[in-house]
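# Coordinates in review
Chain residues, written in single-letter form:
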Amino acid sequence: MSEGLGGARATPRGLITALALAWRAGWHLMLGYGLLALVEAAVPVAVAWLTKLVLDVITDHPTGQTPLLVAGAGLAAAGVAATALPHASGYLRQELERRVGLLAQDRIFAATERFAGLSRFENPEFLDRLSLAHQSGGAAPSMVVCGALAIGRALITVTGFLVALLAVTPWLAGVAVLGAVPAIFAELRLSRQRAAMMWRVGPVERREMFFRQLLTSVQAAKELRLFGIGRHFRSRMAAERHAANAERRRMDLRELVTQSGLGVVAAGVAAAGLLWALFAAQSGQISPGDVALVIAAVAGVQSAVAGLVSEVTQVHQQLLLFDHHLMVTGSEPDLPVPAAPLDAGPLRRGIEFRGVWFRYSPDHPWALRDVTFTIPYGRSVALVGRNGAGKSTLVKLLCRFYDPDRGAVLWDGVDVRDMDPAELRRRIGVVFQDYMEYDLTAVENIGLGDLEALRDLKAQGERERIEAAARRAGVHETVARLPRGYDTMLTRMFFGAAEAENPDNEAGVVLSGGQWQRLALARALLRDRCDLLILDEPSSGLDAEAEHRIHVALRDHRAGRTSLLISHRLAAVRDADILLVLDEGRVVEQGSHDELIATDGVYARLFGLQAEGYLPGQLSDAASS
């Protein structure tokens, strides 16, 4: 593994993959660009030879018109080509970059979709690699293609000028070639150092981006102003920028010193060639046309060699960065997916946790310890316990975002590790405690729970299904009163399609936290064909009246359905068929509400503490204190 590069290497596999990606994105653009590159390579050599011919014709045959006209016409044509070809090749290059960028971006996110779990997205090193993969994936393949063609173009140009120098002065051709060798090695070293620098500044720039987003976030705006912490975060953002700038500055200084030294060497070679040509012409060893050819050839060789070195180092650097793209797109799934997954069929018996142990990494404490319980088919089970008891972790295992370290989660007796994760999740409807707020329309926010309903909103019954889910979640009236009803954008970050077409439209609507929570609940309830409904704190952001209505509606909706409920408000889950009490990752109690109260254990103590706040004596005592 290369230190400082995160294991990235410039390999033949990377070059072949980059070329194949560009070919797939636009093979005709590659061929067209390659053809233009060959013609462009020949133009400066042709100009040098034609200039020599013009000077020699004028000097040796002052009355000869035909050779002069031919050479002049050739120079004119070369001038037109030199002017027009760069614009045409530039267009082809930009179009190729656009197509490759789109294809590479799709490859990256298709690769991340293969990660069935969450562990990769909680790994800072992987996030840094993903950032570099996204930056380099679109540019690197096209730059590698264009660089490879530019290298071929430079080689053709160098060869043409070296032939010219060999025809006039072989020793100067040798000096020009030898002068390019240290430049190539120096530039390759610089390219590797720059790629390593980009890997080092990746985490720094991600932190800077975090602070930048924080300072412009609507969600953070209230606290930033209330607590007066905007300047604090601004200074931390500036510190990250200073750190990144310092790294880049050191790299720029290395390049300045190295390239200045190479420039001095190149200037010395050019000066030596010019002086030799002038003295040789004065002594009659070469013609005036040869002088022009030598001057053009020395300058052309140096320019082409500089371009060659630059393109080689650019390709090398891009291949180093492109290796991050290859690592991401070639990553194995984070959770094993069976080649022939079992189909357990619709849930009929229930879900069982059997001796489950789990921790997020070997350095973390156990989040779950020998957890065993059953969620019977058609029954409701509630998880209760203090913060950090393992309730949300248990949900993640049930959705197979992680696998147990020991034990198993069984779906009708089938280990969920033997099932297709996507198929398993299609059978589950979930409201997560940290639900998403999508900057989309209201109908999209709900419809994302069932993409088939969202894709065919005009079909009979699909919009009605979405509205029915909103009614069950108690948010239909709120959405119906919005300016565009269910088609209202729920963000002020940007316009939707309808608003963008009419500049007089106002920006979208921002909902309250409780309204967003009910939208998230509607999104889960839209999956009414699922086998299991998981509600993780579905009413934590609601007022007492709204919470009561929601739980009554959910109680009716859950009737006869298999459901898992999680809530810190024990009164909201006391009617569940089975209550499981988690404490420090273990199931310490289970039974009905009445059974657990009679046991007078952890549940009874927690329920009593919550009930105390509603007793008249306790309220008056709290007020007096």
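To start, this report covers the structure provided alongside it. (Residues numbered from 1 in each chain as written. Predicted model: local features only at pLDDT ≥ 70, side-chain atom pairs only at ≥ 80, totals over all residues. Heavy atoms only, no water.)

## Notes on the layout of surface pockets
Stated formally: The way it works is a 1 Å grid over only the protein atoms, where trapped points that fit a 1.4 Å probe form a cavity and open points with protein on both sides within 12 Å along at least five of seven lines form a pocket, and then any residue with an atom within 4 Å of a point lines it. Grid points are joined across faces, edges and corners, and a volume is the space filled by probe spheres set on the points. Labels follow the DSSP assignment, with helices taken as runs of H or I lasting at least four residues and strands as runs of E lasting at least two, numbered in each case from the N terminus. Only Asp, Glu, Lys and Arg are considered charged in this grouping, and only Ala, Val, Leu, Ile, Met, Phe, Trp, Tyr, Cys and Pro are considered nonpolar; every other residue, Gly among them, is considered polar.
For the largest pocket, the calculated volume is near 1,600 Å³. Around the largest pocket sit 42 residues that line it, and F401, R425, F432, L448 and R527 are the ones nearest its centre. Within the residue set of the lining of the largest pocket, elements represented by two or more residues are helix 8 (391-398), helix 9 (421-426), strand 6 (428-431), helix 11 (451-455) and helix 15 (513-525). Tallied by class, residues from the lining of the largest pocket come to 21 nonpolar, five polar and 16 charged.

## Considering the pattern of salt bridges
We count it as follows: Put simply, a salt bridge is a Lys or Arg side-chain nitrogen that is within 4 Å of an Asp or Glu carboxyl oxygen. Partly exposed describes any residue whose relative accessible area lies between the buried limit of under 20% and the exposed limit of over 50%, with all areas from a 1.4 Å probe on protein chains only and scaled to the type maximum.
Inspection of the entire model under this criterion finds 19 salt bridges. For R200, the salt bridge goes to E247, with nearest N and O atoms at 3.1 Å. Placement of R200 in helix 4 (residues 170-215) and of E247 in helix 6 (residues 230-282) is noted, with a sequence separation of 47 residues between them. Given the relative accessible area of 36%, R200 is considered partly exposed. Of the residues examined, E247 reaches a relative accessible area of 18% and is grouped as buried. Here E240 and R207 are joined by a salt bridge, their closest N and O atoms 3.1 Å apart. Highlighted residues: E240 in helix 6 and R207 in helix 4, separated in sequence by 33 residues.

## Concerning helix 8
Buried residues dominate helix 8, accounting for six of its eight residues. Along helix 8, the residues that are buried comprise K391, T393, L394, V395, L397 and L398. R400 sits one or two positions beyond helix 8 and adopts a positive phi of about 55°.

## Some thoughts on the packing of aromatic side chains
Definition in use: Each aromatic pair joins two rings of Phe, Tyr and Trp (for Trp, the six-membered one) with centres within 6.5 Å, and gets the label stacked for planes under 30 degrees apart, edge-to-face for over 60, and tilted for any other angle. By definition here, charges over rings are those cases where NZ of Lys or CZ of Arg is within 6 Å of the ring centre and within 35 degrees of the ring normal.
Evaluation of the coordinates by the stated rule reveals 13 aromatic pairs. Aromatic pair F121 and F126: ring centres 6.3 Å apart, planes at 90°, arrangement edge-to-face. Here F358 and Y402 contribute two aromatic rings whose centre-to-centre distance is 5.4 Å and whose plane-to-plane angle is 55°, an arrangement assigned as tilted. You can see F358 sitting in strand 1 (residues 350-358) and its partner Y402 sitting in the loop between helix 8 and strand 4 (406-411), a full 44 residues away along the chain. Members of the aromatic cluster, joined through ring pairs, are F115, F121 and F126. The positively charged end of R120 is found above the aromatic ring belonging to F115, 4.7 Å away from the centroid. For the cation-ring pair, R406 lies above W357, with the distance from its terminal atom to the ring centre recorded as 4.8 Å.

## Observations regarding the nonpolar core
The criterion, for reference: Buried Ala, Val, Leu, Ile, Met, Phe, Trp, Tyr and Cys residues form a nonpolar core when they are joined through side-chain atoms within 4.5 Å. The contact definition used throughout considers only heavy atoms, calling two residues in contact when any of these lie within 4.5 Å.
Formed by 38 residues in total, the largest nonpolar core has its most connected members in I446, L519 and Y603. Counting residues per element, the ones that place at least two in this core are strand 3 (380-385), helix 10 (442-447), helix 12 (462-472), helix 15, strand 7 (532-536), helix 17 (570-573), strand 9 (578-583) and helix 19 (602-612). The element best represented in this core is helix 15, accounting for six residues. In contact with L519, not counting residues within four places along its chain, are A442, N445, I446, V475, V479, L490 and L511. Counting residues in hydrophobic clusters, the runner-up holds 35 residues, among them F373, A389, V430 and I566.

## What about the pairing of strand 9?
Heads up, the rule is: Pairing between two strands is assigned when DSSP locates at least 2 bridges connecting them.
Burial analysis of strand 9 places five of its six residues in the buried class, which makes it a mostly covered element. Across five bridges, strand 3 lies against strand 9 in parallel orientation. The residue of strand 9 that forms the bridge with V381 is I578. Pairing of strand 9 with strand 10 (residues 586-591), which is carried by five bridges, proceeds in the antiparallel orientation. Paired with V581 across the two strands is E589, which belongs to strand 10.

## A look at the sheet that holds strand 4
Ordered by their spatial adjacency, four strands build an open sheet running 2-1-4-5, and the pairing between neighbours is antiparallel. Both edges of this open sheet fall to strand 2 (368-376) and strand 5 (414-415), since each of them pairs with a single strand only. As defined by bridge partners, strand 1 adjoins strand 2 across six bridges and the pair is classed as antiparallel. Note on strand 2: the bridge partner recorded for V356 is V371.

## Details of the sheet that holds strand 3
Quick reminder of the rule: Only the contacting stretch of a helix is used when fitting its axis, a line to C-alpha atoms as for every element, and angles between N-to-C directions run 0 to 180 degrees.
Here six strands make up an open sheet; going across it, the order is 6-7-8-3-9-10 and the pairing mixed. For this open sheet the edge positions go to strand 6 and strand 10, each flanked by a neighbour on one side alone. With strand direction ignored, the average angle separating the axes of adjacent strands in the sheet is 15°. Strand contacts of helix 15: strand 6 and strand 7, with the helix running at about 175° to strand 6, the strand carrying the most contacts.

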